[in-house]
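A closer look at the structure
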Amino acid sequence: MKKVFVIFIGLAFILNFSDYSRENTIVVHEGESIQHAINAAMPGDKIIIEGTFHESVVVNKSVIIEGRNAVVYGTNGSVFNISASATLKNLSIIHSDASHAVVYAEGNAVIERCNISHGRYGIVAKNGIMVYACNVSKAGGGVVIKNDSVISSCSFYKCGIAIQCYGDNNQIFGDNAYYCGVALYMENASHNIIEECHFYKNNNNECGIFMLSSHYNEIRKCDVSYVSFGIRMMKCNGNVVEQTKLHDMRYGIEYEDCNDCYVYHSSIYGNRFGIEANRCKGMRFNYNDLENKMYNLHAKFSYCDARHNYWGSIFPSKIKNEGSIVLTMPWLIKPIYGIKKEENNGITKIMEEKQYIIPEHEFNKISVADFDPLVDIKVAFIVKRVRSFDMDRYSVSINIDGKENESVFENDVEPDWRVIQNVDDSKQIVEIKIKIGKEEKQIHYDLATGNWYGDDWLGDDNGYGHILFKKYEIWFDVTYNDYDGDGLTYWEEENIYHTSPYVNNSMDDVDKDGIPFWWEDKYGFNPLKPDNVSIDHDRDGLTILQEYYMASNLSDPFAKDIFLEIDYMHDYKPSQTSVELLCNAFALRNITIHVFIDDELPLKNRLYYDDLRDIYWKYFLDGNIDSIKHGVFHYEVMGKYSSLPRGGHAFVGWDNLDSFVLGGAYINKWRIGEARKVAYASLSMHELGHTLGLFEYTFPGIDNESCNAPWMRGYWIYRNYKSCLNYRYAFQLVDYSDGSHGKNDFDDWDNIDLTFFKNSYYYP
């Protein structure tokens, strides 16, 4: 019997060894194909990849793909599309298109210790996927999981939504999310566990954890801080929050239309509002430490069992009851855990100061018999755009060397009106007068260089070819009829660039920096020497190259520009009056805001955070992950209602806070007629201010709910803060404050950061 047993063990060993011996290790070097290696592999094989690869890979076998200093860039679709029980390890995986995930996985796959970035989604995982110790950054959605999946020990940075959870029995354990829009979004998700996660310093207008129609989930031993809503639940039943810290936010937990949800043994402190329950039943909040600023508990038309809590004092305090039943007895006379402030190890924002360089253009007197012997010189003054602050009719008069032309315009127009005048070919300076209404400005046009100076010059505060009057502004260009039509003067071509005045060089890119000859010449750059096109001279967030891209929209590399696209739902399209009011406010501060009303969006009653993110990718980026609008434009969604029951909020669609939503139905409910037009402009400017880096932690009068009504303290404390960012003046004031109104005022204008929308960090 013993002999038979030994033989059996020996056979088993041989068989196992034979199986093991069939497992191969395949090494793929840079320049070779990962896909070819997978096609040649057998189940159980290990594929080691070394170097940098540019391909999209389909994994349909149970193989292990491990990187050694490996980076994989996708070419189309998902970079890795996994449909088997495969494992990805130690890879850097970058870039998908705007419709796909960087990694798509189903079938019990494992994704371990990978760095994943730059995609519509980082990872989409369905049915039994394990994602462990990965870093996901700069994705519209970091990780999307559905059913029986595990996200463990991962970090998420600068994602629109870090983790999206759907379905049942998922586990989210030990994960970190910071500088994202929403850390965790759950919809139609039940019986999931969120444990020991740390969500902090995410967008001040969005959520740490958001649950919609999600039931019987457990949040345990988490730490959520520095965001707008720590946890926000809507239409949820039976969710439990236990042993969790929620601190230093506007709302610790907000419930809306929820039933039978519990909060046990948690510390909720340092928030404006601790727990808010609106139209809820069977809520139980017990054995918690509640020490918050305005309310510990706000119950509105709800039933709450709030016994056995510490309320920040020996008696229950800061409880607001609106038509609710709230049980508070008995209560605790000392805290259970004590309130300890903790420092987050977030990334400190470093502002890179760039020197503001204005090209030198000194006037040099030049004596020649004819400044362009190839033509009889005719100077053209081209009106590209002209607008009235009051939206009235007005006359524009252009006088070139004493000869006048006049035209009448109304409101804000782009007429491409050309006033052409024959001038003395031997006279270097041509005098041009611009008169609008009763105001007059003057410039001196140089036939030698094609530049001008006077009441407008290269590098002035409001832009070259742009003059701001008291009630009007005009954008223009000045040129003459040079023989080859390239916009370069004869004298420049002969004496500066040594190009042929018979050949059109306007679109030549001699220095190969991506910017054509004519633009570099106009703005004082050297067309023959490559410039650092990534510099942002005027600190408005646009690089030199981006300023060139927006040249047809009157962008100026030495004057501040803001570009705003507005997409809208039917019945909520902003009026031209609202747009002009917005333009007026910025123009008076020498900032040009360019507003483009674009797509009509499908009607939806309420836009939640994932809806907004999806709209961003479909209608703003137009399905193009490389859209030049990203990093140039701010984006406004004018919907019916946002995810909030009021106004709107700023949101992260991809990697930075460049977008916001307004609830048009909410505005229309409270304002009619001209007041409604003012409200649209005021609230747009309010939310735009958040994309310019202005928040409640910048100044406590911003977004302060205690400023809402005359019977509230903040209404009077911050009465001198005359800004649309102050809830007291939102709806009625289209302006930021300049800090000149006395005590408790703040200079918004001096503190806006025009680069924030492409380099967003939240909280100091």
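This structure is a prediction, so every number in the text was calculated from the model and none was measured.

Concerning the overall build of the protein chain
Regarding its fold elements, the protein chain presents 11 helices and 50 strands. Taken along the three principal axes of its C-alpha coordinates, the protein chain extends 120 × 75 × 40 Å. When each of the 764 residues of the protein chain is scored for burial, the buried share is 57%. For the protein chain, contacts bridging at least 24 residues in sequence account for 45% of all contacts bridging at least 6. Looking at the protein chain as shown, the accessible area adds up to about 31,500 Å², and 50% of this sits on carbon and sulfur atoms.

Things to note about the sheet that holds strand β41 (residues 429-436)
If you walk across this open sheet you meet the five strands as β38-β37-β41-β42-β43, and the pairing is antiparallel. The two strands at the open ends of the sheet, each matched to only one other strand, are β38 (403-410) and β43 (452-454). Strand after strand, the sheet turns through a mean of 25 degrees between neighbouring axes, direction not considered. Pairing geometry for strand β37 (residues 393-400) and β41, over five bridges, is antiparallel. The residue of β41 that forms the bridge with Ile398 is Ile434.

Topic: helix α7 (residues 609-620)
In an α-helix, one full turn covers 3.6 residues, which means residues spaced three or four apart are oriented alike. Under the 1.5 Å per step criterion, the end-to-end length of α7 is 15 Å for 12 residues, consistent within 8% with the ideal 16 Å. Burial within α7 is extensive, with 10 of its 12 residues counted as buried. All of the buried residues along α7 are Tyr609, Asp610, Asp611, Leu612, Arg613, Ile615, Tyr616, Trp617, Tyr619 and Phe620. Positive backbone phi, approximately 55 degrees, marks Asp622, located one or two places after α7.

Observations regarding the layout of surface pockets
Rolled over the atoms, a probe as big as a water molecule pinpoints where empty space is left. Its boundaries defined by the atoms lining it, the largest pocket holds a volume of some 1,500 Å³. Tyr251, Arg646, Tyr666, Glu705 and Asn708 are, among the 49 residues lining the largest pocket, the residues nearest its centre. Residue assignment for the lining of the largest pocket shows that the elements contributing at least two residues are β26 (251-256), β29 (273-278), β32 (295-300), β34 (319-322), β49 (648-651), α8 (664-670) and α9 (673-691). No other element matches the four residues that α9 contributes to the lining of the largest pocket. Counted by class, the lining of the largest pocket contains 21 nonpolar, 12 polar and 16 charged residues.

Some words on the side chain of His247
Residue position: His247 is located in strand β25 (residues 245-247). For His247, a relative accessible area of 1% gives the class buried. In this structure the side chain of His247 is engaged in a polar contact, spanning 2.7 Å, whose partner is the side chain of Asp248. With residues near it in sequence (within four places) discarded, His247 still touches Asp223, Val224, Ser225, Tyr226, Tyr269 and Asn271.

Quick word on the sheet that holds strand β48 (residues 633-639)
Ordered by their spatial adjacency, five strands build an open sheet running β47-β46-β48-β50-β49, and the pairing between neighbours is mixed. Only two strands of the sheet have a single partner each, and these edge strands are β47 (591-601) and β49. On average, each strand axis in the sheet is inclined to that of its neighbour by 20 degrees, with strand direction left out of account. Sheet strands in contact with helix α6 (residues 576-587) are β46 (560-569) and β47, and its direction is about 155 degrees off that of β47. Relative to the sheet, α7 contacts β46, β47, β48, β49 and β50 (659-663), its axis offset from that of β48 by approximately 125 degrees.

Looking at the environment of Asn169
Structurally, Asn169 is set in the loop between β14 (161-168) and β15 (171-173). Sequence-wise, Asn169 and Asp148 are 21 residues apart; in three dimensions their C-alpha atoms are separated by 4.9 Å.

Concerning empty space enclosed by the protein
Here the structure, examined in full by the defined rule, presents three cavities of 30 Å³ or more. Taken as a whole, the largest cavity spans an internal volume of roughly 50 Å³. Lining the largest cavity are Ile566, Pro574, Ser578, Val579, Leu582, Glu636, Tyr680, Ala681 and Ser684. At the level of elements, α6 and α9 are the ones that each hand at least two residues to the lining of the largest cavity.

Observations concerning the pattern of salt bridges
Evaluation of the coordinates by the stated rule reveals 33 salt bridges. Note that Glu112 and Arg113 form a salt bridge whose closest N and O atoms lie 3.9 Å from each other. Taking relative accessible area as the criterion, Arg113 reaches 43% and is therefore assigned partly exposed. Between Lys629 and Asp622 there is a salt bridge, with the nearest N and O atoms lying 3.1 Å from each other. Looking at Lys629, the relative accessible area reads 13%, which means it is buried. Judged by relative accessible area, which is 46%, Asp622 ranks as partly exposed. Here the salt bridges do not stand alone but share partners, grouping Arg232, Glu254, Glu256, Asp257, Arg279 and Arg606 into one network.

Overview of helix α3 (residues 490-497)
Those residues of α3 lying buried are Tyr490, Trp491, Glu492, Glu493 and Tyr497. Where α3 is buried, its residues contact β45 (472-480) and α4 (517-522).

Brief notes about a nonpolar patch on the surface
Where nonpolar side chains cluster on the molecular surface, the patch consists of Tyr287, Ile336 and Tyr337 and spans about 270 Å² of accessible area. With respect to the helices, strands and loops of the structure, Ile336 is situated in the loop between β35 (325-327) and β36 (378-388).

Overview of the packing of aromatic side chains
Two descriptors summarise a pair of aromatic rings, namely the distance from one centre to the other and the angle between the planes of the rings. Counting across every chain of the model gives 50 aromatic pairs. An angle of 50 degrees between the planes, with centres 4.9 Å apart, marks the rings of Trp519 and Tyr523 as tilted. This pair shows no difference in class: Trp519 is buried, exactly as Tyr523 is. For the pair Phe586 and Tyr736, a centre-to-centre distance of 6.0 Å together with 85 degrees between the ring planes defines the contact as edge-to-face. With Phe586 in helix α6 and Tyr736 in the loop between α10 (713-717) and α11 (748-751), this pair connects stretches of sequence that are 150 residues apart. With a relative accessible area of 0%, Phe586 lands in the buried category. Among the aromatic residues, those joined into a cluster by ring pairs are Tyr157, Tyr178, Tyr179, Tyr200, Tyr226, Phe695, Tyr697, Phe756, Tyr761, Tyr762 and Tyr763. The lysine or arginine in question, Arg284, covers the ring of Tyr262, its NZ or CZ lying 5.5 Å from the ring centre. Over the ring of Trp716 we find Arg728, and its NZ or CZ is 5.2 Å from the ring centre.

A word on the nonpolar core
Most often, soluble globular proteins keep nonpolar side chains buried together rather than apart. In this structure, Phe80, Val103, Phe156, Met233 and Tyr255 are the most contacted members of the largest nonpolar core, which totals 84 residues. Contacts of Tyr255, omitting those with residues within four sequence positions, involve Met233, Val241, Cys261, Tyr262, Val263, Ile275, Glu276, Ala277, Asn278, Cys280, Met283 and Phe285. Counting residues in hydrophobic clusters, the runner-up holds 45 residues, among them Phe381, Trp452, Tyr523 and Ile544.

Calculation notes
Residues numbered from 1 in each chain as written. Predicted model: local features only at pLDDT ≥ 70, side-chain atom pairs only at ≥ 80, totals over all residues. Heavy atoms only, no water. Helix = DSSP H or I, 4+ residues; strand = E, 2+ residues; numbered from the N terminus. Buried < 20%, exposed > 50% of the residue type's maximum accessible area, 1.4 Å probe, protein only. Contact = heavy atoms within 4.5 Å. Areas by Shrake-Rupley, 256 points an atom, 1.4 Å probe, with all protein chains shown as cover. Pairing = 2+ DSSP bridges. Axes fitted to C-alpha atoms, helices over the stretch in contact; angles between N-to-C directions. Expected span 1.5 Å × (residues − 1). 1 Å grid on protein atoms, 1.4 Å probe; cavity = no way out; pocket = protein on both sides within 12 Å on 5 of 7 lines; lining within 4 Å. Points joined across faces, edges and corners; volume = space filled by probe spheres on them. Nonpolar A, V, L, I, M, F, W, Y, C, P; charged D, E, K, R; others polar. Polar contact = N/O pair within 3.5 Å; in protein donor to acceptor, adjacent residues only side chain to side chain. Salt bridge = Lys/Arg side-chain N within 4 Å of Asp/Glu carboxyl O. Patch = residues over 30% accessible without salt bridge, like charges linked within 9 Å, V, L, I, M, F, W, Y side chains within 5 Å. Phe/Tyr/Trp six-rings, centres within 6.5 Å; stacked < 30°, edge-to-face > 60°. Lys NZ or Arg CZ within 6 Å of the ring centre and 35° of its normal. Core = buried A, V, L, I, M, F, W, Y, C linked by side-chain atoms within 4.5 Å.

In short, shape yes, function no, at least from these values alone.
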